Amino acid sequence: MLIHNISQLLTMQGGPQRGRELGHLGMVEKGAVLMRGETIEAVGLEEDLLSRYADEPRLDALGKAVLPGFVDPHTHLVWAGDRAVEFEMRLEGHTYLEILAAGGGIISTVEATREADFDSLYAQTRARARTMLRHGTTTAEAKTGYGLDSTSELLQLQVLHKLDKEGPLEIVPTFLPAHAIAPEYKTDPDAYVRQICHKIIPAALDWWKKNAAEKPLPFVDVFCETGAFDLEQSRQILTTARDLGFPLKIHADEFDNLGGASLAAELGAASADHLVKTSSADIKALAASSTVAVALPCTPFGLADPHYTPAKEILDAGGLLALATDCNPGTAWCESMQFVIALACRALKLTPAQALAAATINSAAAIQRDDRIGSIEPGKQADMILLNINDYRHLGYRFGDNLVNTVIKRGRIIPVL
Ligand code: NIG
Ligand code: FE
């Protein structure tokens, strides 16, 4: 099928964009794209492709902009229930870490999630996946982390695996038993770390080999933070996972600087995420590595906190910057990368072009899938969004509305409205 009549075709060609290079759109005005099966076959000027492929069926983009489907590289998609009560408590003056220390926060979602059966958890997760797709996300990373024991963590992995198989949203799973200290181990956090290293992560490896061996292993992630896992515990968990062959991620510097970003760089993690309180030394370490810095501006926004990721500093240091929603019930219930882009333009001072590259090709790099998704280039998977605007800058400029007209996943037009 030939997609034609495109005002601006943003190809994002040329691979992940480091430092001040960020924002290279690879734009073709009056462009066209030929897809064959699941794959992009040709990209170029409309006049060339219309004559070269005169007999192909056509899809008219109505003179609007087309870009790669958004890749959301950090979400906590599988959970049950909600935390509206805590939202209200925070507005009345209680902090996020206070609520967590008092047994609420992540732990209250753990309780609700442990109680939910597979079908209920699946249905709740699937509804959010549909919302993501409708807003133009064609691939999302998704973490476990609301089980904190083998049974419940594996159930969440199973939900994610089934959802990915069902499609059309492609799910890249992350295993996160180290999201909080399990309530059973409240008085002995080190015993929970041992449980994670000796039981829960090996159980995930077994489960994966039996049930999903055709797919790459999930990432393993740790919430390295005051009140969660300290630097030494994070190192133990991540090195255990790495030695078993898992690729790595980390939650670092959301509230306090514990050195998690440098640890991620040292261990060759795919990404270090949040990075609000990151020191200049940590930023340098990240920039000198292949670890992608993932900013999650919905999180401070959701917490009504004025501190955001120092994106300009990361770019000036030569780092790889990506954007994600962090979709979760505690700090940021947001499925829309369009909202993230609008926020990043204001709170992180990115231009729309920088935010778009950070939400496509660089976010594909944050989940180590930039060889296959994140740009519109021959040979890549045909994941694209047709917008209802003709100037890409309206993404970022406008917010609160859905500017996606049509979603294409693996070469198929997805009925999402
Ligand atoms: O990324 N920081 C840890 N995890 C989530 C919050 C999860 C929750 O509160 O349920 C985050 O912000
Ligand atoms: Fe998170």
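These numbers come from a predicted model, not from an experiment. (Residues numbered from 1 in each chain as written. Chains lettered and ligands numbered in written order. Predicted model: local features only at pLDDT ≥ 70, side-chain atom pairs only at ≥ 80, totals over all residues. Heavy atoms only, no water.)

Details of the site of ligand 1
Link 1 in the chain: Surrounding ligand 1, one finds 16 residues, the nearest of these being R83, Y96, Y146, H179 and E254.
Link 2 in the chain: H251 is positioned such that a nitrogen or oxygen atom in its side chain is 3.3 Å from an oxygen atom of ligand 1.
Link 3 in the chain: A distance of 3.0 Å separates an oxygen atom of ligand 1 from a polar side-chain atom of T331.
Link 4 in the chain: Protein chains bury 100% of the 330 Å² of accessible surface belonging to ligand 1 in isolation.
Link 5 in the chain: Looking at the shell around ligand 1 residue by residue, the class counts come to 4 nonpolar, 9 polar and 3 charged. (Near = heavy atom within 4 Å. Polar contact = N/O pair within 3.5 Å; in protein donor to acceptor, adjacent residues only side chain to side chain. Areas by Shrake-Rupley, 256 points an atom, 1.4 Å probe, with all protein chains shown as cover. Nonpolar A, V, L, I, M, F, W, Y, C, P; charged D, E, K, R; others polar.)

Observations regarding the domain arrangement of the chain
Link 1 in the chain: Once the domains are mapped, the chain shows domain 1 (2–68 + 375–414) and domain 2 (70–365).
Link 2 in the chain: Just the C-alpha atoms count here: the centres of domain 1 and domain 2 sit 29 Å apart.
Link 3 in the chain: Each side of the interface is counted separately: domain 1 has 35 residues, and domain 2 has 33 residues.
Link 4 in the chain: When domain 1 packs against domain 2, the two sides together hide about 2,800 Å² of surface, and 63% of this comes from carbon and sulfur. (Domains from an automatic or database assignment. Contact = heavy atoms within 4.5 Å. Buried area = accessible area lost by both parts, 1.4 Å probe.)

Re the coordination of the iron ion (ligand 2)
Ideal geometry at a metal centre gives angles of 109.5 degrees when four donors are arranged tetrahedrally and 90 or 180 degrees when six donors are arranged octahedrally.
Link 1 in the chain: H74 (NE2), H76 (NE2), H251 (NE2) and D326 (OD) make up the full set of protein donors to the iron ion (ligand 2), lying at 2.0 to 2.4 Å.
Link 2 in the chain: Expressed as a motif, the donor residue spacing for the iron ion (ligand 2) is H-x1-H-x174-H-x74-D. Here H74, found in the loop between β5 (70–72) and α2 (84–91), pairs with D326, found in the loop between β12 (321–323) and α13 (337–347); they are 252 residues apart in sequence, far enough to count as distant. Grouping residues by exposure puts H74 and D326 together as buried. (Donors = N, O, S within 2.8 Å, 3.2 Å for Na, K, Ca; no water. Helix = DSSP H or I, 4+ residues; strand = E, 2+ residues; numbered from the N terminus. Buried < 20%, exposed > 50% of the residue type's maximum accessible area, 1.4 Å probe, protein only.)

Side note on the sheet that holds β5
Link 1 in the chain: Spatially, β5-β6-β7-β8-β9-β10-β11-β12 is the arrangement adopted by the 8 strands of the open sheet, whose pairing is parallel. Pairing within the sheet leaves two strands with one partner each, and these edge strands are β5 and β12. Looking at each pair of strands side by side, their axes are set apart by 25° on average, direction ignored.
Link 2 in the chain: Each of β6 (137–143) and β7 (170–178) is contacted by helix α6 (residues 150–166), which is oriented at about 175° to β7, the strand it contacts most. (Pairing = 2+ DSSP bridges. Axes fitted to C-alpha atoms, helices over the stretch in contact; angles between N-to-C directions.)

Topic: the sheet that holds strand β14 (residues 404–409)
Link 1 in the chain: Within the open sheet, the 7 strands sit side by side as β3-β2-β1-β4-β13-β14-β15. Their pairing is mixed. In this open sheet, the two strands that pair with only one neighbour each are β3 (39–45) and β15 (412–414). On average, each strand axis in the sheet is tilted by 40° relative to the strand beside it, whichever way the strands run.
Link 2 in the chain: Note: strand β4 (residues 58–68) against strand β13 (residues 384–387), 3 bridges, orientation antiparallel. When the sheet's bridge partners are listed, P68 is paired in β13 with M384.

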